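Take a look at the letters that make up each chain.
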Amino acid sequence: MYMCVQVCPTGIDIRDGLQVGCIQCAACIDACNEVMDKVGYPRGLIRYTTERQLAEKEPSRVLRPRLFAYLTLLAVLCGGVIYALTDRVPLEIDIRRDRNQLSSINNQGMIENSYIVKLTNKTQDAHTYTITLAPQEGLSLELRFNDVPLEAGESFDMPVSIYGDPDVIEFGQTPVTLNVSSENGKYKVSKQNIFTTQGQ
Ligand code: SF4
């Protein structure tokens, strides 16, 4: 059986009160309780407590309003993390415009905007993806490949062009949306960009 001063790894005599060198290992508490058991005195001479509890000499209440507030906050945070994890789509799309030319006119008189669509398959399996343009009057999509097969974790940059009928679309900038879907329809993402009639 050892006394509190003998078991303290930092050499503190806790009988002089709480000291800055204490690492909260609680070795002195166990040693003290053993001594108190041996001499027949109540345990807890050295213990974790609060100044308020010492002053009021009443046991502290466990079920306090603050506890419920913390539990509610924790539940909201856990719910947010679970929602973020389950709602995550393991497919990424990024659209970059052709920086050299905002738009051009092709030999059929249609306004052409060029983009690079980067697809990233973030699943653990291979999938084949298709890119479509959200239906919009006067706009059509031209792809180099209809299907984009990607291995797990693979990315691919695909050049795409959107054509606008100058008799139908408005002058200026028109928002366009590209949709990407896996072959089984399980994974879908959409991304918006701008179709412009300027810069020809
Ligand atoms: S809690 Fe650990 S470090 Fe602090 S006084 Fe007790 S035995 Fe020493």
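None of the values given here were measured: they were computed from a predicted structure.

S.K.: Whenever I open this one, unusual backbone geometry confuses me. Can you help?
M.R.: Negative phi characterises most residues that are not glycine, and trans characterises most peptide bonds. You will see that Gln24, though not glycine, has its phi angle at about 60°, which is positive. The residue Gln24 is located in the loop between helix H1 (4-7) and helix H2 (27-39) in this model. One non-glycine residue with positive phi stands out, namely Ala26, at about 70°.

S.K.: What is the right way to look at the sheet that holds strand S8 (residues 173-182) in this model?
M.R.: Overall, antiparallel pairing links the four strands, which are arranged S6-S4-S8-S9 in an open sheet. The open sheet terminates on both sides in strands that have one partner only, identified here as strand S6 (147-150) and strand S9 (188-196). Pairs of neighbouring strands in the sheet enclose a mean axial angle of 25°, with direction left out of account. Note: strand S4 (residues 127-133) against S6, four bridges, orientation antiparallel.

S.K.: Would you explain the domain arrangement of the protein chain in this entry?
M.R.: The parts lose accessible area when they come together, and the size of an interface is often stated as this lost area. Splitting the protein chain by domain gives domain 1 (1-60) and domain 2 (91-196). A separation of 70 Å is found between the C-alpha centroids of domain 1 and domain 2.

S.K.: Before we go on, may I ask you to explain the nonpolar core in this structure?
M.R.: What tends to happen in soluble globular proteins is that the nonpolar side chains get buried as a cluster. If you look at the biggest cluster of nonpolar residues, it comprises 23 residues, and the most contacted ones within it are Ile93, Val117, Leu119, Ile162, Leu178, Val180 and Phe195. Elements with a contribution of two residues or more to this core: strand S1 (91-97), strand S3 (111-121), S4, S6, strand S7 (155-164), S8 and S9. Residue contributions to this core peak at four residues, all from S3. Non-local contacts of Val117, meaning those with residues more than four positions away in its chain, are made with Ile93, Asp94, Ile95, Ile131, Phe156, Asp157, Met158, Val160 and Leu178. If you look at the next biggest cluster of nonpolar residues, it comprises nine residues, including Cys8, Ile14, Ile29 and Ile46.

Criteria and cut-off values
- Residues numbered from 1 in each chain as written.
- Predicted model: local features only at pLDDT ≥ 70, side-chain atom pairs only at ≥ 80, totals over all residues.
- Heavy atoms only, no water.
- Helix = DSSP H or I, 4+ residues; strand = E, 2+ residues; numbered from the N terminus.
- Pairing = 2+ DSSP bridges.
- Axes fitted to C-alpha atoms, helices over the stretch in contact; angles between N-to-C directions.
- Domains from an automatic or database assignment.
- Core = buried A, V, L, I, M, F, W, Y, C linked by side-chain atoms within 4.5 Å.
- Buried < 20%, exposed > 50% of the residue type's maximum accessible area, 1.4 Å probe, protein only.
- Contact = heavy atoms within 4.5 Å.

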